[in-house]
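Chain and residue survey
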Amino acid sequence: MGVRISPPVQKQIRMTKVVNYITDAFEELKSNVTWLPWSEVQRLTIIVAIFTVVFALATWGVDEVFRKAISGFFNLIKG
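First things first, this report covers the structure right here in the doc. (Residues numbered from 1 in each chain as written. Predicted model: local features only at pLDDT ≥ 70, side-chain atom pairs only at ≥ 80, totals over all residues. Heavy atoms only, no water.)

Pairing of side chains with opposite charge becomes possible as their charged atoms draw close. Under the definition given, this model contains three salt bridges. Glutamate 27 serves as the salt-bridge partner of lysine 30, at 3.9 Å between the closest nitrogen and oxygen. Highlighted residues: lysine 30 and glutamate 27, both in helix α1 (residues 7-32), separated by three residues, approximately one helical turn. A residue is classified by how much of its surface remains accessible, and lysine 30, at 66% relative accessible area, is exposed. (Salt bridge = Lys/Arg side-chain N within 4 Å of Asp/Glu carboxyl O. Helix = DSSP H or I, 4+ residues; strand = E, 2+ residues; numbered from the N terminus. Buried < 20%, exposed > 50% of the residue type's maximum accessible area, 1.4 Å probe, protein only.)

Okay, structure coming up:
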């Protein structure tokens, strides 16, 4: 049989683990991550935004082609 821990103590232990995890994550970001220069971040953000718009337009275009094809197919069947 194991040792029983009361529920409030269990919650406190869990919260301590969460706080420690968040603290460690921020420390890792401050000390071990190499951050890009701000100008590079802006350039890459613009590239991602442009790619997102192009990809959305391509998806819309394919959706329109399939919509028209399926509509035509059902109109053909309907007679």
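Moving on, there is more to tell.
Now for a nonpolar patch on the surface. On the surface, Met15, Val18, Val19, Tyr21, Ile22, Phe26, Leu29, Val33 and Trp35 cluster together to form a nonpolar patch covering roughly 940 Å² of accessible area. Among the residues examined, phenylalanine 26 registers a relative accessible area of 53% and is labelled exposed. (Patch = residues over 30% accessible without salt bridge, like charges linked within 9 Å, V, L, I, M, F, W, Y side chains within 5 Å. Areas by Shrake-Rupley, 256 points an atom, 1.4 Å probe, with all protein chains shown as cover.)

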